[in-house]
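The residues making up each chain are set out below.
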Amino acid sequence: GDSVTQMEGPVTLSEEAFLTINCTYTATGYPSLFWYVQYPGEGLQLLLKATKADDKGSNKGFEATYRKETTSFHLEKGSVQVSDSAVYFCALSPIQGAQKLVFGQGTRLTINP
Amino acid sequence: SQTIHQWPATLVQPVGSPLSLECTVEGTSNPNLYWYRQAAGRGLQLLFYSVGIGQISSEVPQNLSASRPQDRQFILSSKKLLLSDSGFYLCAWSTGFGETQYFGPGTRLLVL
């Protein structure tokens, strides 16, 4: 079945460091791909998305490119801030069974000043 | 703009007690509605979804149930809570299947 695998956390970085959170997926066809962010004590917020191969989603300095050849959707940011500390979830919306999002297990990110 | 509300924000209940969590959406009509559960340290699991009033689909068999009495209201219920029902419950909406899902603030449930 469809699945999403994220790099294991937690990830701890210093402010202004470069961030990469890896995400790979297994799915039939060409699913839509998403990154959601969950700040402490809150629900999930959509961070960015891509709906077809080679699309790049971007928001708040974060970027992710839909790579069909490597079935990946890695999240990157050039210079992280303390306020980026949160849990990040990679997800896909499958072609079949599109009523649900399939989530990765989440990666907890902590940014130290 | 659309907004989604959930309440209560936090709930502590004894084992065997009933449960009712409510979710409402504003600013849209005939949304798809979803209930997810996030267990501690894990990803999200879809529990129920609904495409219209009175229409409920269950993804995982368990002691929870869902209802949609109005177009923009989605309720998660249980007659008798189990310890394993503890978790963070998230409601979400979308305009259709495969579209972006937008999440509410969540309800943190602790069953003791």
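Cut-offs applied
Residues numbered from 1 in each chain as written. Chains lettered and ligands numbered in written order. Predicted model: local features only at pLDDT ≥ 70, side-chain atom pairs only at ≥ 80, totals over all residues. Heavy atoms only, no water. Helix = DSSP H or I, 4+ residues; strand = E, 2+ residues; numbered from the N terminus. Rg over C-alpha atoms; globule rule 2.2 N^0.38 Å. Areas by Shrake-Rupley, 256 points an atom, 1.4 Å probe, with all protein chains shown as cover. Lys, Arg positive; Asp, Glu negative; His and termini not counted. Charge placed at Lys NZ, Arg CZ, Asp CG, Glu CD. Salt bridge = Lys/Arg side-chain N within 4 Å of Asp/Glu carboxyl O. Contact = heavy atoms within 4.5 Å. Buried area = accessible area lost by both parts, 1.4 Å probe. Polar contact = N/O pair within 3.5 Å; in protein donor to acceptor, adjacent residues only side chain to side chain. Nonpolar A, V, L, I, M, F, W, Y, C, P; charged D, E, K, R; others polar. Phe/Tyr/Trp six-rings, centres within 6.5 Å; stacked < 30°, edge-to-face > 60°. Buried < 20%, exposed > 50% of the residue type's maximum accessible area, 1.4 Å probe, protein only. Pairing = 2+ DSSP bridges. Axes fitted to C-alpha atoms, helices over the stretch in contact; angles between N-to-C directions.

The subject of this paragraph is the overall build of chain B. If you tally the helices and strands in chain B, you get zero helices and 11 strands. Its helices and strands taken in sequence order, chain B reads β-β-β-β-β-β-β-β-β-β-β from the N to the C terminus. Its C-alpha atoms give chain B a radius of gyration of 13 Å, within 12% of the compact-globule value 13 Å for 112 residues. Taken over the C-alpha atoms alone, chain B extends approximately 35 × 25 × 20 Å along its principal axes. Of the roughly 5200 Å² of accessible surface on chain B, 54% is carried by carbon and sulfur atoms. Of the charged side chains in chain B, 7 are positive and 6 negative, and the gap between their average positions amounts to 10 Å.

For the structure shown, the criterion picks out six salt bridges over all chains. Where lysine 77 of chain A meets aspartate 84 of chain A, a salt bridge forms, and the shortest distance between an N and an O atom there is 2.8 Å.

Taken together, the 19 residues of chain A in the interface contact 19 residues of chain B. In total, about 1400 Å² of surface goes out of reach between chain A and chain B, with carbon and sulfur atoms giving 55% of it. It is Leu44, Gln99 and Phe103 of chain A in chain A that bury the most area against chain B; as a group they hold 35% of the surface buried on that side. Scanning the region where chain A abuts chain B turns up one salt bridge. With its nearest N and O atoms 3.4 Å apart, the salt bridge here joins glutamate 59 of chain B to lysine 100 of chain A. Seen at the junction of chain A and chain B, the total is six residue pairs in polar contact (both at pLDDT 80 or more). Of all the secondary-structure elements, those providing two or more residues to the side of chain A that touches chain B are strand E5 (32-38), strand E6 (44-50) and strand E10 (86-93) of chain A. Here the element with the most residues in the side of chain A that touches chain B is E5 of chain A; it accounts for four residues. Tallied by class, the residues present in the side of chain A that touches chain B amount to eight nonpolar, eight polar and three charged.

Below, the discussion takes up the packing of aromatic side chains. For any pair of aromatic rings, geometry is given as the distance between the ring centres together with the angle between the planes. Evaluated as defined, the whole model comprises 13 aromatic pairs over all chains. When the ring of phenylalanine 103 of chain A is compared with that of phenylalanine 103 of chain B, the centres are 6.1 Å apart and the planes differ by 75°; the resulting orientation is edge-to-face. Taken together, the positions of phenylalanine 103 of chain A in strand E11 (residues 102-103) and phenylalanine 103 of chain B in strand E10 (residues 102-103) put the pair across two chains. With respect to burial, phenylalanine 103 of chain A and phenylalanine 103 of chain B carry one shared label: buried. Each ring, one from tryptophan 35 of chain B and one from phenylalanine 74 of chain B, has its centre 6.1 Å from the other, and the planes form 25°; the classification is stacked. Of this pair, tryptophan 35 of chain B sits in strand E4 (residues 32-38) while phenylalanine 74 of chain B sits in strand E8 (residues 73-78), and the two are 39 residues apart along the sequence.

A separate point is the sheet that holds strand E1 (residues 3-7) of chain B. Residue and element names in this part refer to chain B. Judged by pairing direction, the sheet is antiparallel, and its four strands sit side by side in the order E1-E3-E8-E7 without closing on themselves. Because the sheet does not close on itself, it has two edges, and the strands there are E1 and strand E7 (64-70). Put simply, the sheet's adjacent strands are angled 20° from each other on average, direction ignored. Note that strand E3 (residues 19-26) and E8 share six bridges and pair antiparallel. Paired with threonine 24 across the strands is glutamine 73, a residue of E8.

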